[in-house]
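This is what each chain is made of:
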2 protein chains.
Amino acid sequence: MVELIIKKRNGFELTKEEFSSIIDGFVSGEIPDYQVSAFLMAVYYEGMTSDETANLTDIMMRSGELIDLSEIEGVKVDKHSTGGVGDKTTLILAPLVAAAGVPVAKMSGRGLGHTGGTLDKMEAIKGLSVDMTREEFIDNVNRIKIAVCGQNANLVPADKKLYALRDVTGTVDNISLIASSIMSKKLACGADAIVIDIKVGHGAFMKTVEDAEELAEMMIGIGSKMGRNVIAVITSMSEPLGFTIGNALEVKEAIDTLKGNGPDDLTELCLELGSHMLVLGEVAKTQTEAVVILKKLIDSGAAFNKFKEFVKAQGGDTNLIDQPDLLPDTKFSEIYKSKSEGYISELNALDIGLASVKLGAGRETKTSVIDYGAGIVLQKKIGDYVKKDEDLAILYSNNFANFTKAIKFMDSAYTISEEKPSHKPLIIKTITR
Amino acid sequence: MVELIIKKRNGFELTKEEFSSIIDGFVSGEIPDYQVSAFLMAVYYEGMTSDETANLTDIMMRSGELIDLSEIEGVKVDKHSTGGVGDKTTLILAPLVAAAGVPVAKMSGRGLGHTGGTLDKMEAIKGLSVDMTREEFIDNVNRIKIAVCGQNANLVPADKKLYALRDVTGTVDNISLIASSIMSKKLACGADAIVIDIKVGHGAFMKTVEDAEELAEMMIGIGSKMGRNVIAVITSMSEPLGFTIGNALEVKEAIDTLKGNGPDDLTELCLELGSHMLVLGEVAKTQTEAVVILKKLIDSGAAFNKFKEFVKAQGGDTNLIDQPDLLPDTKFSEIYKSKSEGYISELNALDIGLASVKLGAGRETKTSVIDYGAGIVLQKKIGDYVKKDEDLAILYSNNFANFTKAIKFMDSAYTISEEKPSHKPLIIKTITR
């Protein structure tokens, strides 16, 4: 192992066999953590070639159970987001593309820190369960084209162990390691094709468009080497997506969007990602055709109905979907007002995400309990003109003491300027093979 | 700790308090190995500033017992070699400078791998012990100006633990880490001033003169920040020093040298290092004056008598010093002959060192038992002209099977060329503050 560390450190390319011996030894415990962390730091500095990244991904993918989706008819297209604030696109996209006939067999994760998780949002719907057997999962997809469940505990254990080590050794933010971590999980879940939403900006993993492009190219390269079509869409996370942040609040906004009444940015992103999914899923020939199909499914109510069908199939109370006001609420709310007059020039997504965690909407640690009703509803977004003391947002929580903690982050989230900020597009770039 | 790893990784300078928390936490076990090894790899890439190196050295030095030599009169001058093959200079220098009046209170180490250790060489003298109490050690120095003992087990435990981790994580060969490792030990041993012999070439830690200069500057810088005078002499280790490699064989050559009959290169190096020690020890004003003093001590027999006095004081049999032929011998010897005719253009010190280990003169692992009589006596050195089948060296071992193993390394040690190699100086450069 020392020789492999030094080989990487000295800038040489490792073979697949060498990566295999490192990962297998790490997972089995034969290679100690302290050697792997030194190796990871060398990788941080040296990076990995596209071959190395694909090999590492393949080895990690095979470290646990591989989900076999071959019993599901059609091209299975998965969607992945690198994590945003107020990002409820899965709640919308899953029923939307399922309604179009693309099978959605989705395994999702929970939220930690400032970004939420799809499973938590879904569990804001009373009765809905994300625990199901493999058979139930596959039956649901074959029957109604959609199922969303929690990730198998034995999914890519190598990545789990490696990520935990990276997290405590300052080796998280290397693009080749991020790419292989994401791709190993997506590929283990059995997707035939993947649309990846790479967020850029405050509160996102990628801080610059250049980094996002590098990550996109790497993931497309891994997919290409492993025979899977990958499309990457680079999107802005300069402010939260939509107006709501918090589990039940986001479900409500998802329902509005499925009915055609959602916020512009969220609707635009769903049509962009969804249209790529329809093309990859061979349900539409071009992106334009796909957008037309998706809009029709929204206007006809088919997308909303598919969402209800999906909620019902997983045990959720569909009355809550018809009457979203019955979704979890909070005892307390507080209006957050502007401290000055001018244009909102910054609305830091990271700060808003952290404020929502403080309100109880997210997890500070893995064992935190979520307050499903808690969160934030933005009244204004970047570019809006506000007067002093005008409402900027409404905060919700079941614990009154949380407001004081959250307001600190709200205060730092906003920048009010005299000059109107220039409009920045949400969809920055789409990268295909 | 993650923040400190990332701070270093991102190229920022750490404060003394930050280094202190890392080292203290590592020694106490609060900071796990895997974080320290990632940190060390970041240091490997980023290096350390002179302040950082001095701070790390100071913190490591204070991690264990500090040897107090204040009860010894005079300026205590220590000598350190980065490790060479056939390097018996301590056996000569210690009595030589002690005879000149410089107090020699030396703590030495044992050999491991291809370089030998002073303690092992001394123990080739029957009866001689390197175990003594602090009082005996100080009494001997005050009485006869010389004592050599083993290092205290509690000497710089932080360096011991850190070096063990570096050794298995590919983070040994960083010059700032090497400098602080060496200096923390030398300073903990209580020296007022230090002469450092930095070897360059095959079989040496430093492969280029540039690296050796960088190491020299760093060690001088650390000394300067901690109020100790340091002189670094960069010397060539392109071939073994002197003609003998192996414990008893080296004692014999040291005795010859103390009597004025030693090999030119070894004598030259001893006069160079010894003269700096005399100047630092305030026994001579200039290096030239110091060389005159040292030569006189050799010619008068005073240096040799001091060696005998020293051996007697530590329980050794002085008959062996008067009759070196009685020193440990071997049952077997074998002549190693030249395979071709020409000039010896290379005589790889690393290979010769490894051959001597195979003969039994050194340790392959920490628990190997040393064959004190085993080793090599070179008959020819670089620049000598040899005929085919002419004797190049004599190998000695008490285990006949060892010859086969050693000969493989002997074969790769020699390069015979038609052209006479240009003469390369032994003393490459002397660097002072």
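Residues numbered from 1 in each chain as written. Chains lettered and ligands numbered in written order. Predicted model: local features only at pLDDT ≥ 70, side-chain atom pairs only at ≥ 80, totals over all residues. Heavy atoms only, no water.

Draft legend 1. Molecular detail of the overall build of chain A. If you tally the helices and strands in chain A, you get 17 helices and 13 strands. Rg of the C-alpha trace for chain A: 22 Å, near the compact-globule value of 22 Å for 433 residues, within the 12% margin. In chain A, which comprises 433 residues, the proportion classed as buried is 56%. Taking as baseline every contact in chain A between residues at least 6 positions apart, the subset at least 24 positions apart corresponds to 78%. Total accessible area on chain A is roughly 17300 Å²; 49% of this is exposed by carbon and sulfur atoms. In chain A, 48 side chains carry a positive charge and 62 a negative one; their mean positions are 3 Å apart. (Helix = DSSP H or I, 4+ residues; strand = E, 2+ residues; numbered from the N terminus. Rg over C-alpha atoms; globule rule 2.2 N^0.38 Å. Buried < 20%, exposed > 50% of the residue type's maximum accessible area, 1.4 Å probe, protein only. Contact = heavy atoms within 4.5 Å. Areas by Shrake-Rupley, 256 points an atom, 1.4 Å probe, with all protein chains shown as cover. Lys, Arg positive; Asp, Glu negative; His and termini not counted. Charge placed at Lys NZ, Arg CZ, Asp CG, Glu CD.)

Draft legend 2. Spatial organisation of the sheet that holds strand β12 (residues 414–417) of chain B. Residue and element names in this part refer to chain B. With antiparallel pairing, the 3 strands of this open sheet are ordered in space as β10-β8-β12. Among the strands making up the open sheet, the edge pair consists of β10 (385–386) and β12. For strand β8 (residues 342–347) and β10, the ladder comprises 2 bridges, and the chain directions are antiparallel. Each residue of the ladder has a partner; that of G342, found in β10, is V386. Here helix α17 (residues 402–413) sits on the sheet and contacts β8 and β12; the angle it forms with β12, its principal contact strand, is near 35°. (Pairing = 2+ DSSP bridges. Axes fitted to C-alpha atoms, helices over the stretch in contact; angles between N-to-C directions.)

Draft legend 3. The arrangement of the relation of the copies chain A and chain B in detail. Once chain A is rotated about the relating axis by 179° and shifted along it by 0.0 Å, it coincides with chain B to within an RMSD of 0.1 Å. In symmetry terms, the pair is related by a two-fold rotation axis. Residue A:Y34, judged by its C-alpha, is the member of chain A lying nearest the rotation axis, at 1.7 Å. In this assembly the copies share their binding face: 100% of the residues contributing to the interface of chain A also contribute to that of chain B. (Least-squares fit on C-alpha atoms with pLDDT ≥ 70 in both.)

Draft legend 4. Highlighting the domain arrangement of chain A. Residue and element names in this part refer to chain A. As assigned here, chain A comprises domain 1 (2–47), domain 2 (77–322) and domain 3 (328–417). Between the C-alpha centres of domain 1 and domain 2 the distance comes to 32 Å. At the junction of the two partners, domain 1 supplies 12 residues and domain 2 supplies 12 residues. It is F26, L40 and Y44 that lose the most area in domain 1 upon contact with domain 2, and together they represent 51% of the buried surface on that side. The interface formed by domain 1 and domain 2 includes 0 salt bridges. (Domains from an automatic or database assignment. Buried area = accessible area lost by both parts, 1.4 Å probe. Salt bridge = Lys/Arg side-chain N within 4 Å of Asp/Glu carboxyl O.)

Draft legend 5. Focus on the interface of chain A and chain B. Listed by partner, the interface residues are 23 residues for chain A and 23 residues for chain B. Surface buried jointly by chain A and chain B totals about 1700 Å² across both partners, of which 62% is contributed by carbon and sulfur atoms. Interface area lost by chain A to chain B is led by A:R9, A:Y34 and A:Y45, which between them contribute 39%. For the interface between chain A and chain B, the tally reads 2 salt bridges. For the pair chain A and chain B, the number of links is 15 residue pairs in polar contact (both at pLDDT 80 or more). (Polar contact = N/O pair within 3.5 Å; in protein donor to acceptor, adjacent residues only side chain to side chain.)

Draft legend 6. Focus on the pairing of strand β3 (residues 146–150) of chain A. Residues and elements named next belong to chain A. Of all 5 residues making up β3, 4 are buried, and the element is well covered by its neighbours. By the bridge criterion, 5 bridges tie strand β2 (residues 104–108) to β3 in an arrangement that is parallel. Of the residues in β3, the one forming a bridge with A105 is A147.

Draft legend 7. Local environment of the side chain of A:R228. All names here are of chain A. Mapped onto the elements, R228 comes out in the loop between α10 (209–225) and β5 (229–236). Polar contacts involving the side chain of R228 include one to the main-chain carbonyl oxygen of A191, which spans 2.6 Å. Leave out the neighbours within four places in its chain, and R228 touches L187, G190, A191, D192 and G223.

Draft legend 8. Structural detail: the packing of aromatic side chains. Scanning all chains against the criterion turns up 15 aromatic pairs over all chains. Judged by centre distance (4.9 Å) and plane angle (75°), the rings of A:Y343 and A:Y385 are edge-to-face. Here A:Y343, found in strand β8 (residues 342–347), pairs with A:Y385, found in strand β10 (residues 385–386); they are 42 residues apart in sequence, far enough to count as distant. Judged by its relative accessible area of 40%, A:Y385 is partly exposed. In textbook terms, an aromatic cluster arises when at least three aromatic residues are bridged by ring pairs, as seen for A:Y44, A:Y45, B:Y44 and B:Y45. (Phe/Tyr/Trp six-rings, centres within 6.5 Å; stacked < 30°, edge-to-face > 60°.)

Draft legend 9. Region of interest: the sheet that holds strand β4 (residues 193–200) of chain A. Residue and element names in this part refer to chain A. One open sheet accounts for 4 strands, arranged β1-β4-β5-β13; its pairing is mixed. Strand pairing shows two members of the sheet lacking a second neighbour, β1 (77–81) and β13 (427–431), which therefore form its edges. Sheet twist, expressed as the average angle between the axes of neighbouring strands with direction ignored, equals 15°. Pairing of β4 with β5, which is carried by 8 bridges, proceeds in the parallel orientation. What sits directly across from I196, in β5, is A232. Packed onto the sheet, α10 meets β4, β5 and β13 and runs at close to 165° relative to β5.

Draft legend 10. The environment of A:N154, seen in detail. Residue and element names in this part refer to chain A. When you line up the elements, N154 lands in the loop between β3 and α8 (157–167). Sequence separation of N154 and D33 is 121 residues, and the distance between their C-alpha atoms is 20 Å. When residues no more than four places from it in sequence are discounted, the contact partners of N154 are G64, E65 and K160.

Draft legend 11. Just the state of the cysteines, in detail. All names here are of chain A. Applying the stated criterion across every chain yields a total of 0 disulfides over all chains. The cysteine C189 is free of any disulfide, with C149 supplying the nearest cysteine sulfur at 7.9 Å. On the accessibility criterion, C189 (4% relative accessible area) is buried. (Disulfide = S-S within 2.5 Å.)

Draft legend 12. Local environment of the packing of helix α5 (residues 89–99) of chain A against helix α12 (residues 264–280) of chain A. Residues and elements named next belong to chain A. One way to put it is that α5 packs onto α12 with a least axis distance of 10 Å and a crossing angle of 45°. Between α5 and α12, the angle is such that the two are oblique. As for how α5 packs across α12, the hand of that crossing is right-handed. Along the contact surface, α5 presents T89, I92, L93 and V97, while α12 presents L266, L269, C270, L273, G274, M277 and L278. When grouped by side-chain class, the residues that make up the contact of α5 with α12 number 9 nonpolar, 2 polar and no charged. (Parallel < 35°, antiparallel > 145°, perpendicular 65-115°, else oblique. Left-handed = near helix turned anticlockwise from the far one by under 90°. Nonpolar A, V, L, I, M, F, W, Y, C, P; charged D, E, K, R; others polar.)

Draft legend 13. Representation of unusual backbone geometry within the structure. All names here are of chain B. Positioned with a positive phi, E282 is a non-glycine residue whose angle comes to about 60°. Inspection of the secondary structure puts E282 in the loop between α12 (264–280) and α13 (287–299). Backbone geometry at D389 places phi at a positive 70°, although glycine is not the residue there. Structurally, D389 is set in the loop between β10 and β11 (391–397). Residue classification places D389 among the partly exposed residues on the basis of a relative accessible area of 46%.

Draft legend 14. Seen up close, the nonpolar core. Counting 126 residues, the largest nonpolar core has A:I198 and B:I198 as its most contacted members. Setting aside chain neighbours within four positions, we find A:I198 in contact with A:T82, A:M206, A:A212, A:L215, A:A216, A:M219, A:A232, A:V233, A:I234 and A:T235. Within the second largest apolar cluster, 78 residues are counted, among which are A:V77, A:I92, A:I298 and A:Y336. (Core = buried A, V, L, I, M, F, W, Y, C linked by side-chain atoms within 4.5 Å.)

Draft legend 15. Layout of the environment of B:Y414. All names here are of chain B. Positionally, Y414 belongs in strand β12. For the pair Y414 and K121, spaced 293 residues apart in sequence, the C-alpha separation works out to 26 Å. When near neighbours in sequence (up to four residues on either side) are disregarded, Y414 contacts Y336, I344, E346, L347, I352, L378, L392 and A393.

Draft legend 16. Broad picture of the environment of B:I5. Mapped onto the secondary structure, B:I5 falls in helix α1 (residues 2–9). Beyond its immediate chain neighbours, meaning those up to four positions away, B:I5 contacts A:M41, A:V168, A:T169, A:G170, B:Q35, B:A38 and B:F39.

Draft legend 17. Here's a closer look at helix α7 (residues 134–144) of chain B. Residue and element names in this part refer to chain B. For α7, the complete set of buried residues consists of F137, I138, N140, V141 and I144. Down the axis of α7, the buried side of the element spans an arc of 165°, and every buried residue falls inside it. At its buried positions, α7 is contacted by β2 (104–108), β3 (146–150) and α14 (302–313). Looking one or two residues past α7, K145 carries a phi angle of roughly 75°, positive in sign. (Arc of directions from axis to C-beta.)

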